[in-house]
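What the coordinates show
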Amino acid sequence: MTPPASDDEPSDRLARASSAVGTGILLSRVAGLLREKLLAYHLGTGLGAEAFRAALRIPNLLQNLLGDGVLSGAFVPTYARMVRDGREEDAGRLAGAVASLLVLVTGLLVVVGVVFAGPITRVLTPGFPVGSAKAELTVTLVRIITPSLGFLVLSAWSLGVLNAHRRFFRAYVAPVLWNATIIVFLSVAATLGGTELDLARAVALGALVGAVLQFLSQLPAVLRSVPTLRMRLGRSVPGLREVVRASGGVIAGRGIVQLSAYLDLVVASLLAAGAVAALGYAQVLYLLPVSLFGMSVAAAALPDVALVRPHERLQLAAEVERGMARVATFVVPTIAIYLVLGEQVVTLLFGGGAFGPAATRQVAIVLAAYSLGLLATTQSRLLQSTLYGLDDTSTPARIAAVRVAIATVAGVALMLVLDAYRWGDDGIVRVADMGLASSAARASLESLHRLGAVGLALGASLGAWTEWILLRRAVARRATTAIPRARALRPGFASIAIVVGMPLGHGLRSALTILDSAPVALGAAVTLLPALSLFAVAAIALDLADLPLVTATRRWVTDHGFRPRPRRTR
């Protein structure tokens, strides 16, 4: 007879699975940061950077809708149940049918995107003056990047299949190839002495080739996991109707969120030059903890949530609470770092070359505004996955609509005020009238480093907290349990060490005059060191066990530091 599972097993399983997801995402994000470092160095926040950010939005939107959205919310729960019940033949037919459907849909969308790249660009970036160098370059990049959509969606399908089989690492480390290919293409173009336009085109071509390699790297693992895979469409495929029906709610929810991202792009294009690029760089850092900690916990929990039976709702509530605590342990300190040491973080990762002090200040303050909603965004990923696992895809969609409405209204109102200001060497100064930027300011080939993007980030944070509150209530109703708590108190106390360490870091940097001639990234790293060291001590003292090495360090200290010494006998 199998012994009953201990209470620690679900927590250990979630920790192991989310660690595998988090490790894969970490490696891909490190590669992504290297990519962004090179982009910042060669393109800064100027013409090429703005055009690439705008062009990349189209495949990102459709990938999130057809890939990540449909597969995580509709396909994975149904497929995971088939795998659990030993229905291997049916599972293979369902996986093949979903892949076939995605190929047909994305193929049509790629043709539309390439043929109508001009009109699509004008709709998405109305602030880029028609016929300007920025607008023309964006159209070119859209035509190069859009064909990558099919491979990115198939990569997301592969991720869904591997997640259902709890093979997390391979699925989430695959984007390393996408990032690495862009790095290679950009580095080669820069070595050959390409112009800014040449570099932007090289980056777009690297994104296309990288998408192909990302999918091919996952395919062998998928074929081993699903030996019964059959690439056929048909009404008789078991589970296909359920997936298609559930995907409607998921697409609606994801579509609303993506609509928010596109609205940000549209209105940011109406701001002074540099706003689109500043938002893009800030979002890279903002989305890093969302992916590492929010997505990793949510992805690891989804297969288990989908298998929870009606009489096990108390177990479900405990799983959600554990997930919320794990997310908060990592995210709350990240928020503190972004708020008090944002300039140093941006300098460390992007500083140098075309990315100077003015760009650093602009991106840092946008990042600080985004970070105010970071805990809500990351924990909402887990709450959404919980509802998806309970076969409720409509509630997250309705809540997402509320979030987008609040974020858009608040963001636009704030950006019209803040775009009149610039953060320069003399502090924040007013440089223009409030309202939409002039045509000359929007068409500028150089960033004007204004703060309109900060308003959009503040609106996004307000919308994120609204969504978090509504999702918690929805999970409590569906699971018939108490409303999940944020579990952020202990990480919050530990994060006070970061605030205390901030002036120490600045003092250390000022004292080390030898760093005045060193790369700016090295000086930023030195400034961050005291805050991170004090936080490590606080995390060990407060036993934030989800953080790496905390438990092992406490055990070592207990064994070697506080054990009473035996008395000497005379």
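Being a predicted model, the structure only gives us computed values, none of them experimental.

This paragraph deals with the overall build of the protein. Helix and strand counts for the protein come out as 20 helices and two strands. Contacts in the protein between residues at least 24 apart in sequence constitute 84% of all its contacts with a sequence separation of at least 6.

Where strand 1 (residues 421-424) lies against strand 2 (residues 427-430), four bridges are found, and the strand directions are antiparallel. By the bridge assignment, Tyr421 is partnered in strand 2 with Arg430. Between strand 1 and strand 2, which follow one another and run antiparallel, lie two residues.

At Arg487, a residue that is not glycine, the phi angle is positive and equals roughly 60°. By secondary structure assignment, the location of Arg487 is in the loop between helix 17 (452-479) and helix 18 (489-511).

Moving on to the packing of aromatic side chains. One pass over the structure, following the stated rule, counts six aromatic pairs. With centroids separated by 5.8 Å and ring planes inclined at 55°, the aromatic side chains of Phe350 and Phe355 adopt a geometry described as tilted. For Phe355, a relative accessible area of 2% gives the class buried. In this structure an aromatic cluster arises from ring pairing among Tyr281, Phe350 and Phe355. Its end group placed over the ring of Tyr281, Arg53 keeps NZ or CZ at 4.5 Å from the ring centre.

Using the criterion set out here, one finds twelve salt bridges in the structure. With its nearest N and O atoms 3.3 Å apart, the salt bridge here joins Arg509 to Asp516. We classify Arg509 as partly exposed; its relative accessible area is 22%. Asp516 gets classed as exposed once you look at its relative accessible area, which sits at 57%. The structure contains a network of salt bridges with shared partners spanning Arg35, Glu36 and Arg53.

Within the protein, residue pLDDT values average 83, and 87% of them lie at 70 or more. Note that pLDDT drops below 50 for residues 1-8; the model gives that stretch one contact with residues more than four away or on any other chain.

This part is about the packing of helix 14 (residues 374-389) against helix 17. Axis separation between helix 14 and helix 17 bottoms out at 9 Å; the angle between their running directions is 30°. What the angle tells us is that helix 14 and helix 17 run roughly parallel. As helix 14 packs across helix 17, the resulting crossing turns out to be left-handed. Contacts between helix 14 and helix 17 pair Leu375, Ala376, Thr377, Gln379, Ser380, Leu383, Gln384, Thr386 and Leu387 from the former with Ala464, Trp465, Glu467, Trp468, Leu471, Arg472, Ala474, Val475 and Arg478 from the latter. Considered class by class, the residues forming the contact of helix 14 with helix 17 number ten nonpolar, five polar and three charged.

Before going further, it helps to examine helix 9 (residues 196-225). Given a rise of 1.5 Å per residue, 30 residues ought to cover 44 Å, and the 44 Å separating the end C-alpha atoms of helix 9 matches this to within 8%. The axis of helix 9 is deflected most strongly, by about 30°, at Leu219, and proline Pro220 appears within four residues downstream.

This brings us to a nonpolar patch on the surface. Taken together, the side chains of Leu489, Phe493, Ile496, Val500, Leu504, Leu534 and Leu542 present a nonpolar region at the surface, about 640 Å² in accessible area. In terms of residues, the nonpolar patch owes the most to one element, helix 18, which gives five residues. Counting through the fold element by element, Val500 comes out in helix 18. Residue classification places Val500 among the partly exposed residues on the basis of a relative accessible area of 46%.

Once that is clear, we can look at the side chain of Arg403. Examined against the element boundaries, Arg403 turns out to sit in helix 15 (residues 394-418). The class for Arg403 is buried, based on a relative accessible area of 18%. Every residue in contact with Arg403, bar those within four places of it in the chain, is listed here: Gly463, Ala464 and Glu467.

Turning our attention to the packing of helix 5 (residues 133-145) against helix 9. The geometry of helix 5 relative to helix 9 is characterised by a closest axis approach of 8 Å and an angle of 20° between their N-to-C directions. In this view, helix 5 runs roughly parallel relative to helix 9, as classed from their interaxial angle. Two packed elements cross with a definite hand, and for helix 5 against helix 9 that hand is right-handed. Contacts between helix 5 and helix 9 involve Leu137, Thr140, Leu141, Ile144 and Ile145 on the former and, on the latter, Leu197, Ala200, Arg201, Ala204, Leu205 and Leu208. Of the residues that constitute the contact of helix 5 with helix 9, the class distribution is nine nonpolar, one polar and one charged.

This paragraph deals with the environment of Ile428. In this structure, Ile428 sits in strand 2. Separated by 22 residues in sequence, Ile428 and Arg450 place their C-alpha atoms 9.6 Å apart. Ignoring anything within four residues of it in the chain, the contact list for Ile428 reads Tyr421, Arg422, Trp423 and Leu451.

Rules of the game
Residues numbered from 1 in each chain as written. Predicted model: local features only at pLDDT ≥ 70, side-chain atom pairs only at ≥ 80, totals over all residues. Heavy atoms only, no water. Helix = DSSP H or I, 4+ residues; strand = E, 2+ residues; numbered from the N terminus. Contact = heavy atoms within 4.5 Å. Pairing = 2+ DSSP bridges. Phe/Tyr/Trp six-rings, centres within 6.5 Å; stacked < 30°, edge-to-face > 60°. Buried < 20%, exposed > 50% of the residue type's maximum accessible area, 1.4 Å probe, protein only. Lys NZ or Arg CZ within 6 Å of the ring centre and 35° of its normal. Salt bridge = Lys/Arg side-chain N within 4 Å of Asp/Glu carboxyl O. pLDDT = per-residue confidence, 0-100. Axes fitted to C-alpha atoms, helices over the stretch in contact; angles between N-to-C directions. Parallel < 35°, antiparallel > 145°, perpendicular 65-115°, else oblique. Left-handed = near helix turned anticlockwise from the far one by under 90°. Nonpolar A, V, L, I, M, F, W, Y, C, P; charged D, E, K, R; others polar. Expected span 1.5 Å × (residues − 1). Bend = angle between axes of the 7 residues up to and from the residue. Patch = residues over 30% accessible without salt bridge, like charges linked within 9 Å, V, L, I, M, F, W, Y side chains within 5 Å. Areas by Shrake-Rupley, 256 points an atom, 1.4 Å probe, with all protein chains shown as cover.

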